[in-house]
Amino acid sequence: ETPSRSRVSGRVSRVSGRVGHETSIFRAGEVCEEEEEEEEEDEQASDAAVHHAAAHFVSSTLPLGWPKSLGIRQEWQAERAMKQVRTEHLRGRASTFRKSGLSGKSMAGSEQRAWYMIDPNSHFIMIWGVISLCVLMYDLTLLPYVLAWDISFEGWLAVSAWTTPSFWSIDIVLTFLTGVWRGSELVMGPRTVARNYLRTWFVIDAVVVSCDWISLIIGEIAGASGGRSLKMLRFSKMGRLLRIVGMMRMLRVMRILEAFAHKYLPEGSHLSITLVTLFGSILWVSHILACAWHAVGQYCPSDTGARWTLEYAESVGGRSVPYLEIGAVYQYLIAFSWAAGQIALGSIDVTPTNSVERFVFVFAMMIGFLFGSTLVSMLSAAMMNYQLRQRDKNHNIRTLHQYLRENDVDSSVAVPVQKQIMQRLAQRTKLREGDVPALALLSVALRSALRFDIQRPHLMRHPMFRLWISLQAELVQGVCMAAVGFIQLRQKDDLFLVGNTAASAYSLTAGELSYAQVPDTSPVDAPQVTRVHPGTWLCEAALWTEWIHVGRAEATTACELLEIHGKRLVESVGRDMIIMDIANEYCIHFHMRVTSAGPPHAAWPNDLDVPFTDYCDLVVSMKREVQLIIGMDAVALLDQSGRWSKSFDKLTDEVRDGKSVAVVTGEGNVIRVVSLVALRVERPDGHILVQVAKWENSQMKAACQLPGLKQDRGELVGEAVERLFDTKLHFLAEWVTITSTVREKMEKASKEFGVDTRYLKSVCTAKLKPDACIDAPLCGTWLVKRHSGDARASSALDPADGEIMAILEGTPVLAVSVDGAASSNCFAWLPHEIFRILSGGGKDHVLKPWLESLTLPEEEAVGSASIMGAHGNELHVGQEGPEGSYFEGPAV
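Quick caveat, the model's predicted, so the values are computed rather than measured.

A. Quick peek at the overall build of the chain. Helix and strand counts for the chain come out as 31 helices and 21 strands. Across the 892 residues in the chain, those meeting the buried criterion constitute 44%. Excluding contacts between residues fewer than 6 apart, the proportion of contacts in the chain whose partners are at least 24 apart in sequence is 75%. A total of about 45,700 Å² of accessible surface is found on the chain, and carbon and sulfur atoms cover 57% of it.

Next up, the structure:
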């Protein structure tokens, strides 16, 4: 009894009490028993019975005949019946798209903007804003000190004095070139942006920058004259006073900080950022007051004849030192301590001595009172918010303890419950749309645009949704409103369970999941656990089929997932006939692969992967009209990238004529897709069947590769293999058994088309039966060489190549005509190592001389006789040779 049948028998005994599945499962068991009886009667039928049993799986959680019994989602069938799209309509749409796409104009929107305008949300503007903030803080901190202590602009101060006005002059130009927000609309028109700037900040910026330049020019004039006259000295002082206007840039600091905090900082850090900003503002105001207090004591007129700078003295080392005789740094610290005392309402050891100083003293007290009360109120509000949050948390914990105590819950259960709730209460969850009441005030259109902007990066990872967004972005906005949302899972939460009907597909955006399958409910031999990482799609089959979960998905960390509801998706997509037809075509081919999945041509499907449902696989199988729309969308993307070349013109012609398939991947790359099917037939001795050449028009073309062909539109792997047997390998059809299929992907740059070509190769492994007797003609040259022992072809080769040539010369070559074509294919049974060397390239000097010596057999010799050896004995399979290999090159 095979392991698969043992599992079926075990399941029958375990689920015999379940009414809904009892009859169907026992029928499956009876089928297995009948196959076992056939196995005892005939040994050859035994292999077929085992193969048949391996292609079926029975579980109490799945319908009988799964996955073949899964149907297309009913909503897709209903919509397709209601809205049949004509081929002419599709062709017209493809033609329209081609013309608009290749003109370099985007179909996603009609807003015109100048090429030199800058997006205010760009990284460049963000970096420029940070640099502006640094320059502002430097300028606003240094300028008051320089003016108050009358420090001359020399050395690095002279450099900074010329650098900052230049920087702000460039900033004015950039502001004219940066788009602005008018309400909820981004305006990128140059005239509108200029008018908005002229009405708002231009006057202030222009005045500040003008004063900077005028002060510099005045300083240069005064420096050139050497300050020889009192008039020049006063002129220089007036230039310095003009730089005080630069203090108005403090308004720009607040504007930049506010915009930066709202755009780039999380909501939870706003309070701390506000406190830090307030503390920094207090320090800056203290700095300004200190510089102003020193300047008032030095330069302002005195109605009493006294000044605090002359009256104040500091006790140093037991002696009194006048203020003006102390160093400049210590003078600044004395003035700064006076300003800090005014703001903090603390003790002050410096007193005013005239009316101007008294006025400044009172003004500083008022500023101190304002800042002190503001700081106290903000700290009080922060503490109240913290206590409110803690109150809710403590209330939840108290009610939990009361509930567990009143229900007398056992400690083995109560303790894990308390631990998990405490852990989850300590975690901060991401805000959802329903947690923001202000969003209800938005219009439907703007709310749809907001949700689309949030969900778009995740949808773009799937090539099908990327295509929809490119063709009809407004429709996808409606899809996001009706069928797409986010769900959040905490650690240990289940996303879905085995046996439940799937209603939605998911894309993991953050966190990590574990997907588990067990033999009782999934077609696996042993329990399997797969880690699911961000960017992975789960249960896509739920969008297109009546899918039932065959595994369990559990959150191993806090997770966020994008959810797409299958039924609502159909209702939303049905409003556009083109998108609906593309979706229907995708759905049909996806369903075909779900129902055909299973050994030997594919693995069993699960919630993470359905074999051969890669986007490129499905597009290759679609009808030509849909391929044309998808291909021209890819070509239009190449045009918009600005790197058009003549090779792209050739690709466009190939796509338009249906000769090539071009797609845009989930990463946004344009590729050309070729789908291939190859057959790897192994003899019992390990030799594999290799196509070594193709004879056409009396010429032999070398091609050391596995026999295969290009997959036709709408053709499954199994169907392609049958066609391969019918056209090229009819002499093997009765003597091989296919055991498995492996999918290989390889991308190779194509100079002809200017894009990468992705080869999707399905390599089917088959075993040649031990008693096989193949009827096929031989190339006649091989018989001559066996008798003559001619070694001239290998005499000029190195020892390694000579050994290969000796093996080739002793290998029979089959010549098989292609049905419906005036050509023949040449096949040979080669050892694994020889095939690997020859197919890897670089051995043409060995392969070509051997092939050139071959001649096709005469027509009268082409019959149904068995392959004969050199002395007339029949050549059976199973001779010497190492283990086999399979095809690695892109071409078939």
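B. Structural detail: the sheet that holds strand β12 (residues 559-565). The 4 strands lie next to each other as β5-β12-β7-β10, forming an open sheet whose pairing is antiparallel. The open sheet has two edge strands, β5 (484-489) and β10 (537-538), and neither has a second partner. Two strands pair when backbone bridges link them, and strand β7 (residues 504-510) and β12 are joined in this way by 6 bridges, in the antiparallel orientation. The residue of β12 that forms the bridge with A510 is E560. Contacts between helix α19 (residues 473-483) and the sheet are confined to β5 and β12, with β5 contributing the most and set at about 45° to the helix.

C. Representation of the packing of helix α17 (residues 444-459) against α19 in the model. Orientation of α17 relative to α19, taken along the N-to-C sense of each, is 95°, at an axis distance of 9 Å. One finds that α17 runs roughly perpendicular with respect to α19. Of the residues in α19, those touching α17 at R447, S448, A449, R451, F452, Q455 and L459 are A473, V476, Q477, G478, C480 and M481. Grouping the constituent residues of the contact of α17 with α19 by class yields 7 nonpolar, 4 polar and 2 charged.

D. Seen up close, unusual backbone geometry. In the segment running from W66 into P67, the intervening peptide bond is cis, with an omega of 5°. Inspection of the secondary structure assignment puts P67 in the loop between α3 (43-54) and α4 (74-82). Here the bond from P599 into P600 is cis, since omega is 5°, no more than 30 degrees from zero. Positive phi outside glycine occurs at K492, with the angle close to 80°. Its place among the elements puts K492 in the loop between β5 and β6 (494-496). By relative accessible area, which is 52% here, K492 ends up exposed.

E. Representation of the confidence of the model for the chain in the model. Summarising the model, the chain shows a mean pLDDT of 76, and 76% of its residues fall at 70 or more. When the elements of the chain are averaged for pLDDT, helix α1 (residues 3-14) gives the smallest value, 35, and strand β8 (residues 513-517) the largest, 95. Between residues 97-111, whose pLDDT stays under 50, and residues either more than four places distant or in other chains, the model counts 25 contacts. Here residues 227-247 is a poorly scored stretch, pLDDT under 50, and it has 41 contacts once near neighbours within four places are set aside; other chains count.

F. View of the packing of aromatic side chains. The tally for this structure, following the rule as stated, stands at 27 aromatic pairs. On the numbers, 5.8 Å between centres and 35° between planes, the contact of F465 with W537 is tilted. Note that F465 is positioned in helix α18 (residues 463-471) and W537 in strand β10, a separation of 72 residues in sequence. Of the two residues, F465 and W537, neither departs from the other in class, the shared state being buried. Through a chain of ring-to-ring contacts, the aromatic side chains of W293, W308, Y312, Y323, W338 and F361 assemble into a single cluster.

G. Region of interest: the pairing of β7. Within β7, 6 of the 7 residues are buried, which leaves the element mostly enclosed by the surrounding structure. Pairing analysis gives 2 bridges linking β7 to β10, with the strands arranged antiparallel. Each residue of the ladder has a partner; that of Y506, found in β10, is L538.

H. Structural context of the environment of S660. With respect to the helices and strands, the residue S660 is situated in the loop between α25 (646-656) and β13 (661-664). Separated by 13 residues in sequence, S660 and V673 have C-alpha atoms that sit 7.4 Å apart. Sequence-distant contacts of S660, that is, excluding residues within four places in its chain, are made with E654, V655, R672 and F753. In terms of polar contacts, S660 uses its side chain to reach the side chain of E654, at 3.0 Å. Only 3.2 Å separates the side chain of S660 from the side chain of R672, close enough to count as a polar contact.

I. Layout of a nonpolar patch on the surface. Together, V329, Y330 and L333 make up a nonpolar patch on the protein surface, roughly 290 Å² of accessible area in all. As for its position among the elements, Y330 is in helix α14 (residues 328-344).

J. Layout of the nonpolar core. By size, the foremost hydrophobic cluster in this structure holds 75 residues, and its most contacted members are W468 and L513. Here this core takes 9 residues from helix α22 (residues 577-596), the largest share from any one element. Contacts of W468, omitting those with residues within four sequence positions, involve A473, V476, W544, L569, V573, I579, I582 and A583. Counting 30 residues, the second largest nonpolar core, distinct from the first, contains I282, W284, C291 and I334.

K. Quick look at the environment of V360. With respect to the helices and strands, V360 occurs in helix α15 (residues 355-406). A residue is classified by how much of its surface remains accessible, and V360, at 14% relative accessible area, is buried. In this structure the C-alpha to C-alpha distance between V360 and W293, which are 67 residues apart in sequence, comes to 7.4 Å. Ignoring anything within four residues of it in the chain, the contact list for V360 reads W293, V296 and W338.

L. Spatial organisation of the pattern of salt bridges. Counted according to the given criterion, the structure contains 18 salt bridges. K761 is paired through a salt bridge with E744; the nearest N and O atoms lie 3.4 Å apart. Here E744 lies in strand β18 (residues 736-749) and K761 lies in strand β19 (residues 756-768), a separation of 17 residues in the sequence. On the basis of relative accessible area, K761 is assigned to the buried category, the value being 3%. Residues joined by salt bridges that share partners form a network here, namely E433, R447 and R451.

M. Inspection of α15 at higher detail. In this model, α15 (52 residues) spans 76 Å end to end at C-alpha, consistent with the 76 Å of a helix rising 1.5 Å per residue. Along α15, the residues that are buried comprise E357, V360, F361, A364, I367, G368, F371, M378, A382, I397, L400 and L404. A side-chain oxygen of the first residue of α15 lies 3.2 Å from the backbone nitrogen of V356; this N-cap is N354. Taken from the residues just after α15, D408 is the one with a positive phi, measuring 50°.

N. Up close: a positive patch on the surface. Together, R182, R191, R195 and R199 make up a region of like positive charge exposed at the surface. Within the secondary structure, R191 is located in helix α8 (residues 190-199).

O. Structural context of the sheet that holds strand β9 (residues 528-532). Spatially, β6-β11-β8-β9 is the arrangement adopted by the 4 strands of the open sheet, whose pairing is antiparallel. Each of the sheet's edge strands pairs with one partner strand only, and the pair in question is β6 and β9. In this sheet, adjacent strand axes meet at a mean angle of 25° when their direction is disregarded. Taken together, the 5 bridges between β8 and β9 define a ladder with antiparallel strand orientation. The partner of L513 across the bridge, within β9, is V532.

P. View of helix α24 (residues 624-640). Over its 17 residues, α24 extends 24 Å from the first C-alpha to the last, a length consistent with the 24 Å expected when each residue adds 1.5 Å. Within α24, 14 of the 17 residues are buried, which leaves it mostly tucked inside the rest of the structure.

Calculation rules
Residues numbered from 1 in each chain as written. Predicted model: local features only at pLDDT ≥ 70, side-chain atom pairs only at ≥ 80, totals over all residues. Heavy atoms only, no water. Helix = DSSP H or I, 4+ residues; strand = E, 2+ residues; numbered from the N terminus. Buried < 20%, exposed > 50% of the residue type's maximum accessible area, 1.4 Å probe, protein only. Contact = heavy atoms within 4.5 Å. Areas by Shrake-Rupley, 256 points an atom, 1.4 Å probe, with all protein chains shown as cover. Pairing = 2+ DSSP bridges. Axes fitted to C-alpha atoms, helices over the stretch in contact; angles between N-to-C directions. Parallel < 35°, antiparallel > 145°, perpendicular 65-115°, else oblique. Nonpolar A, V, L, I, M, F, W, Y, C, P; charged D, E, K, R; others polar. pLDDT = per-residue confidence, 0-100. Phe/Tyr/Trp six-rings, centres within 6.5 Å; stacked < 30°, edge-to-face > 60°. Polar contact = N/O pair within 3.5 Å; in protein donor to acceptor, adjacent residues only side chain to side chain. Patch = residues over 30% accessible without salt bridge, like charges linked within 9 Å, V, L, I, M, F, W, Y side chains within 5 Å. Salt bridge = Lys/Arg side-chain N within 4 Å of Asp/Glu carboxyl O. Core = buried A, V, L, I, M, F, W, Y, C linked by side-chain atoms within 4.5 Å. Expected span 1.5 Å × (residues − 1). Lys, Arg positive; Asp, Glu negative; His and termini not counted. Charge placed at Lys NZ, Arg CZ, Asp CG, Glu CD.

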